[in-house]
Amino acid sequence: MTKWTNNVRTVVPYTPGEQPKTKVIKLNTNENPYPPSPLVGKAISSVAMDTLRKYPDPNCSNLTAAIAKYHGFDTENVFVGVGSDDVLAMSFLTFFNSTQPVFFPDITYSFYDVWADLFRIPYETKALDSQFKINPADYDKECGGIVIPNPNAPTGIAEPVSFFEDIISKHPECVVIIDEAYVDFGSQSCVDLVRKYDNVLVVRTFSKSRSMAGNRIGYALGSKELIKYLSDCKFSFNSYTMDAITLAAGVASIEDDEYFNEKLKAVIKTREWTKQALTELGFTFPDSKSNFIFAKHESVEASYLFQELKKKGIYVRYFSKPQRISNYLRISIGTDDEMQKFINELREIIKGV
Ligand SMILES: *Cc1c(COP(=O)(O)O)cnc(C)c1O
């Protein structure tokens, strides 16, 4: 007789960045260094206890309406979930059901291959070129779907809308997902392609630009037909994905556009001087349009810098695999003060080698 373990769905899970309990300078998971809008705090504290007794709104109507209004869409064009990870996982399940492989870059968000494995979706990765750029010709073949982050992670490189329109227009046979987790930090958004093509899904998150990683809010914009399919799958899995407190918090964040833009500007400004400081220390990096910099030092190994920085209480992200990126550090943008301390420590470490 076969053993029950033969019938288990075994997967190699995604490894999230460390969340240390001690106070450190945390530049390892691309969180926003600033708190969410004060309106978010007010909204959370005004959720009545009686609200928690009841199930939350399964349609997440208020949040969906706020997001729709923000982007100039109808509510039927919006799908919300527990972070964009939830939205992306549900999208893989809903749209990637072909026997043909799904395409995504070889160096990209490392959750894509995990979901593909989990859902048994065939996939093929497409190698970035020597400058870590996506070669659009790699995506020319008929396929089961395409998913690309813009800007890409962990490189931070952004492509213009025309780049994606070219790919989308060639693929009426599948759904193309653009993961815009970092788009607010200064690159072009593909949301307008949603108005033109019924097979494009743009996915966004509140975790980075809206400083709300702890709340877990993500959303997708797509044609009404696409969103309906996504919604049907969600309601076949878990009707109440988002809790009442988070729903209120999300609406409040969208309503405070002034605060949002002010903090975006601050992160971008810090990123730009950090680029300059890193260059002066002998680092090279692709030009980042996100809230992180993917950098390599001319002589000191990334694994060594990673360890030494950690000893000083500064956490950055280091990926030992694949080998092509094993000499890079992904450095999230913190406050000016945090980045100054980071640069100073880095200077000392390099000097001591
Ligand atoms: C952070 C990130 C996500 C997930 O964000 P959540 O909304 O926190 O789940 C998705 N895609 C990319 C490329 C990311 O960097």
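Conventions used here
- Every chain begins its residue count from 1, and numbering advances along the sequence as written.
- It should be noted that, the model being predicted, local features are given only for residues of pLDDT at least 70 and side-chain atom pairs only at 80 or more, the latter also being counted only at that level, while totals for whole chains, interfaces and linings use all residues.
- Hydrogens and waters are ignored; side-chain quantities use all the structure's heavy atoms.
- Any two strands with at least two DSSP bridges between them are considered paired.
- Starting at the N terminus, helices and strands are each numbered in turn, a helix being any DSSP run of H or I of at least four residues and a strand any DSSP run of E of at least two.
- Throughout, a residue-residue contact means that at least one pair of heavy atoms, one from each residue, lies within 4.5 Å.
- Orientation is described by axes fitted as lines to C-alpha atoms, over the contacting stretch for helices, and by angles from 0 to 180 degrees between their N-to-C directions.
- We define a nonpolar core as any set of buried Ala, Val, Leu, Ile, Met, Phe, Trp, Tyr and Cys residues linked to one another through side-chain atoms lying within 4.5 Å.
- Only protein chains enter the calculation, and the probe is 1.4 Å; a residue is then buried if its accessible area is under 20% of its type maximum, exposed if over 50%, and partly exposed in between.
- Only a single heavy atom is needed: when it lies within 4 Å of a molecule or strand, its residue is near that molecule or strand.
- In the analysis that follows, any N or O atom pair within 3.5 Å is treated as a polar contact, provided that within protein one partner can donate a hydrogen and the other can accept it, and provided that, for residues neighboring in sequence, both atoms belong to side chains.
- Calculation of accessible area relied on Shrake-Rupley with a 1.4 Å probe; when residues are assessed, cover is drawn exclusively from the protein chains displayed.
- Polar here means any residue outside two lists: the nonpolar Ala, Val, Leu, Ile, Met, Phe, Trp, Tyr, Cys and Pro, and the charged Asp, Glu, Lys and Arg; Gly therefore counts as polar.

A. Seen up close, the sheet that holds strand β1 (residues 25-27). Ordered by their spatial adjacency, five strands build an open sheet running β1-β11-β12-β10-β9, and the pairing between neighbours is mixed. Pairing within the sheet leaves two strands with one partner each, and these edge strands are β1 and β9 (283-284). One ladder, built from two bridges, connects strand β11 (residues 314-318) with strand β12 (residues 329-332); its direction is antiparallel. Directly across from R317, in β12, lies its bridge partner R330. Strands in contact with helix α10 (residues 257-280) are β9, β10 (292-297) and β12; relative to β10, the strand with the most contacts, it is inclined by about 0°.

B. Spotlight on the nonpolar core. Of all hydrophobic cores here, the largest spans 50 residues; its most connected members are L63 and I67. If we ignore the near neighbours within four places in the chain, the residues touching L63 are V80, F206, I217, M242, L247, G250 and V251. With 34 residues, the next largest nonpolar core counts Y259, L278, V316 and I350 among its residues.

C. Quick look at the site of the ligand. Looking at the ligand, the residues that line it are G83, S84, D85, L88, Y109, D179, A181, Y182, T205, S207, K208 and R216. With respect to the ligand, the backbone of D85 contributes an N or O atom lying 3.0 Å from an oxygen atom. Side-chain polar atom of Y182 to an oxygen atom of the ligand: 2.5 Å apart, as the coordinates give it. In the complex, the protein chains occlude 93% of the 390 Å² of accessible area that the ligand would expose alone. Among the elements that take part in the shell around the ligand, helix α4 (residues 83-95) stands out by supplying four residues, more than any other. Across the shell around the ligand, the residue classes tally to four nonpolar, four polar and four charged.

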